[in-house]
Amino acid sequence: MAPRRRYCCARGSLAALVLVIGVGLGATGCSAAGTSTPVDPAPSASSTDSGAAETPAAARLEALTAEETAVFAAARSAIREQPGLEVAFDVTESGASAITGSAEVSGDLLSWRGSFLVGAFALDLVQLGDTLWVRGPDAYWASYGADAATIAEIDGKYLVFTGTEAQRMVAFADLTSFLQALESSREAAAPERVVTGEHSGMLAVSVAGQEQRFALDAETPWIDRVEADLGAQVTSLVTLDPLPEAPRITRPDAADVSSVRLPLPAEQ
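Treat the numbers as computed from the prediction; the structure is a model and nothing was measured. (Residues numbered from 1 in each chain as written. Predicted model: local features only at pLDDT ≥ 70, side-chain atom pairs only at ≥ 80, totals over all residues. Heavy atoms only, no water.)

A. Molecular detail of the overall build of the protein chain. Helices and strands together make up the secondary structure of the protein chain, namely 7 helices and 14 strands. A total of 268 residues make up the protein chain; the buried ones form 45% of that total. Once local pairs closer than 6 in sequence are excluded, the contacts in the protein chain between residues at least 24 apart make up 61%. (Helix = DSSP H or I, 4+ residues; strand = E, 2+ residues; numbered from the N terminus. Buried < 20%, exposed > 50% of the residue type's maximum accessible area, 1.4 Å probe, protein only. Contact = heavy atoms within 4.5 Å.)

B. A look at the nonpolar core. Grouped together as the largest cluster of nonpolar side chains are 53 residues, with contacts concentrated most on Phe116, Leu125, Trp141, Met169, Leu179 and Leu240. Apart from the residues within four sequence positions on either side, Leu179 is in contact with Ile79, Leu85, Val87, Val105, Leu109 and Leu240. Of all hydrophobic cores here, the second largest spans 6 residues; its members include Trp133, Tyr158, Ile249 and Val257. (Core = buried A, V, L, I, M, F, W, Y, C linked by side-chain atoms within 4.5 Å.)

C. Layout of the pairing of strand E13 (residues 222-229). As paired elements, strand E12 (residues 210-217) and E13 share 7 bridges and run antiparallel to each other. For Glu211, the partnering residue across the bridge sits in E13 and is Asp229. Here E13 runs beside strand E14 (residues 234-242); their pairing, made up of 5 bridges, is antiparallel. Note on E14: the bridge partner recorded for Glu227 is Leu237. Where E13 hands over to E14, the hairpin turn is made up of 4 residues, of which Gly231 adopts a positive phi near 85°. (Pairing = 2+ DSSP bridges.)

D. Structural view of helix H7 (residues 175-183). Of all 9 residues in H7, 7 are buried; the element is thus mostly enclosed. Every buried residue of H7 is accounted for by Leu175, Thr176, Phe178, Leu179, Ala181, Leu182 and Glu183.

E. Expanded view of the pairing of E14. Judged from the 9 bridges that link them, strand E4 (residues 84-93) and E14 form a sheet pairing that is antiparallel. Following the sheet pairing, Leu85 is matched in E14 by Pro242.

F. Molecular detail of the packing of aromatic side chains. This model, assessed by the stated rule, comprises 9 aromatic pairs. Seen from their ring centres, Trp112 and Phe116 are 5.9 Å apart, and the 85° between their planes marks the pair as edge-to-face. In terms of burial, Trp112 and Phe116 fall into one category: buried. A centroid spacing of 5.0 Å and a plane angle of 70° characterise the contact between Tyr140 and Trp141, whose relative ring orientation is edge-to-face. Aromatic ring contacts, followed pair by pair, group Phe121, Tyr140, Trp141, Tyr144 and Phe161 into a single cluster. (Phe/Tyr/Trp six-rings, centres within 6.5 Å; stacked < 30°, edge-to-face > 60°.)

G. Geometry of the environment of Gln180. Within the element layout of this structure, Gln180 appears in helix H7. Along the primary structure Gln180 and Ile79 are separated by 101 residues, whereas in three dimensions their C-alpha atoms are 8.9 Å apart. Beyond its immediate stretch of four places on either side in the chain, Gln180 contacts Arg80, Leu109 and Leu110.

H. Looking closely at the pattern of salt bridges. This model, assessed by the stated rule, comprises 9 salt bridges. In this structure, Arg80 and Glu183 form a salt bridge, with 3.0 Å as the shortest nitrogen-oxygen distance. Of this pair, Arg80 sits in the loop between helix H3 (66-77) and E4 while Glu183 sits in helix H7, placing them 103 residues apart in sequence. Residue class for Glu183 comes out buried when judged on its relative accessible area of 17%. With its nearest N and O atoms 3.2 Å apart, the salt bridge here joins Arg213 to Glu227. Note that Arg213 is positioned in strand E12 and Glu227 in strand E13, a separation of 14 residues in sequence. With respect to class, Arg213 is no different from Glu227; both count as buried. One continuous salt-bridge network, built from bridges that share partners, spans Glu211, Arg213, Arg225, Glu227 and Asp229. (Salt bridge = Lys/Arg side-chain N within 4 Å of Asp/Glu carboxyl O.)

I. Examining the environment of Gln212 more closely. By the element assignment, Gln212 lies in strand E12. Classification of Gln212 by relative accessible area gives buried; the value is 0%.

The following block contains the structure:
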């Protein structure tokens, strides 16, 4: 099975996290094939068996005070005020790791470079604006339909994607869209404070049965960690750290870039 169909727009990907943060995008998720489909709602306190041990208390969330709301807004705005960011994330499905990775992101959030493990495939990605460079093992390109001759021509080098093909290739780790949605206050759902259970003290936003939680450093202020329960035993963890200086993100050396243009399979 091609990794694009499994991971490119899976509910555990950053594309799915953007949907939880940005209410304006509606209560839709991404199917394995990349088309929009309704999100299956996760069990809520009102719909689960009242006798189940894991059922959360009904009063586990409290509205934020005006001061807390202002601190959270300041923490979000601080994301774009840094010279750069280091972002790491881990997605698990049914307890097994599906996607892990880390990247350095420019202060304007438009460029980044990182390394990722997507299933069994180790990938290196560089994004500059709407251009994406991807380097992966032979088996990764074979899963996209590349034959032996094409793989030999790629020779372990980066492939270049632009426009909509770049968007499709990077959807599983779309750091730009994720961070832009996180720092924007225009489409954000109103968070509440978790007051009971293992996530006590975190801020939570629930959209379409999915919950996203923020670990907030109120003194800085800064969002240290973003967690999400995306249903179907899919969980995501993203950590954010400011960089002391702007990262140097450049296109790969020409000698490391293949001239092969690999057409992506048509979306189904």
